[in-house]
Amino acid sequence: MTLFSSIIIVIGSVFAYMTALFLIAVLLKRNDLVDNAWGLGFVLIYWLFMALMPTGDWRRLLITLLITIWALRLSIYLYIRYKGKKEDFRYAQWRKDWGINWLWRSYLQVFILQGIFMLSIAYPAFMIRRSSSLSFTILDLIAILLWLTGFLFEAVSDAQMRAFKQNPANKGRVMNRGLWRYSRHPNYFGETLMWWGIFLLCLAFPYGYLAIFSPLIITILLLRVSGIPMLEKKYKDNPEYQHYILNTSAFIPKFW
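Throughout what follows, the structure given in this document is the object of discussion. (Residues numbered from 1 in each chain as written. Predicted model: local features only at pLDDT ≥ 70, side-chain atom pairs only at ≥ 80, totals over all residues. Heavy atoms only, no water.)

Describing the nonpolar core
Move 1: In this structure, F42, I45, Y46, I63, W70 and W195 are the most contacted members of the largest nonpolar core, which totals 61 residues.
Move 2: Counting residues per element, the ones that place at least two in this core are helix 1 (3-28), helix 2 (33-52), helix 3 (58-82), helix 4 (89-98), helix 5 (102-121), helix 6 (138-166), helix 7 (186-202) and helix 8 (213-225).
Move 3: In this structure, M161, W180, Y241 and Y244 belong to the second largest nonpolar core, which totals seven residues. (Core = buried A, V, L, I, M, F, W, Y, C linked by side-chain atoms within 4.5 Å. Buried < 20%, exposed > 50% of the residue type's maximum accessible area, 1.4 Å probe, protein only. Helix = DSSP H or I, 4+ residues; strand = E, 2+ residues; numbered from the N terminus.)

Here is the structure:
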């Protein structure tokens, strides 16, 4: 199978995946379903493309496994977080703001748009066919350590936030303990570290430097678009959170 036809199959599969999710979300009246499905979409892309264009390269398998581990942990965490609760406030607000246009805008601006972002961030999948060198290098070690650091930041901060919210005494309060004491969004910081680690692994492939678009997109989305700005807007009238902003780094942990 040619590279072009393989990419077309993957793109078609992603759009079919997002359309099926949209139909389920309409039935459940929960557009936040797309958050649970976000990571699993990357699993679909990487494993499908590897099946269509097999090479046996260990770095390619490693990247696919790392992304699978990240995706499964994130999806399980989000499922547990959303289970038994109302639709996430961001999607609920959009549903209200869009009025009679919510159906088609949900499909295009939530599901299809996220499918496009998913394919853009997963871009390395289409270029990692065979490494220029199969030997393990110091750059590979740095990449793996960077990914592991990011994974721990995201997993630990998510666990700390979940434990905080499960305590009724913390209702309405701001989480400023554990890793959240050093960064207002340590989970997002961990997320970006993982993708920068994936980028470093991609440098062993021909034209691997082009994979930089992947971590750049996820970093911009979290810092400037749908991550930090939308979440912090929710607390703009919360005095405790405004104090938290003044004393805590927004993204990169500040330990001093």
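Section: the packing of aromatic side chains
Move 1: Throughout the structure, instances matching the rule amount to 18 aromatic pairs.
Move 2: When the ring of W58 is compared with that of F136, the centres are 6.0 Å apart and the planes differ by 35°; the resulting orientation is tilted. Note that W58 is positioned in helix 3 and F136 in the loop between helix 5 and helix 6, a separation of 78 residues in sequence.
Move 3: Across the ring face of W102, the terminal group of R95 is positioned such that the distance to the ring centre comes to 4.9 Å.
Move 4: Over the ring of F89 we find K234; its NZ or CZ atom is 4.2 Å from the centre of that ring. (Phe/Tyr/Trp six-rings, centres within 6.5 Å; stacked < 30°, edge-to-face > 60°. Lys NZ or Arg CZ within 6 Å of the ring centre and 35° of its normal.)

Some details on a positive patch on the surface
Move 1: Where like charges cluster on the molecular surface, the positive patch consists of K85, R162, K165 and K234.
Move 2: Mapping K165 onto the fold places it in helix 6.
Move 3: A relative accessible area of 56% means that K165 is categorised as exposed. (Patch = residues over 30% accessible without salt bridge, like charges linked within 9 Å, V, L, I, M, F, W, Y side chains within 5 Å. Areas by Shrake-Rupley, 256 points an atom, 1.4 Å probe, with all protein chains shown as cover. Salt bridge = Lys/Arg side-chain N within 4 Å of Asp/Glu carboxyl O. Lys, Arg positive; Asp, Glu negative; His and termini not counted. Charge placed at Lys NZ, Arg CZ, Asp CG, Glu CD.)

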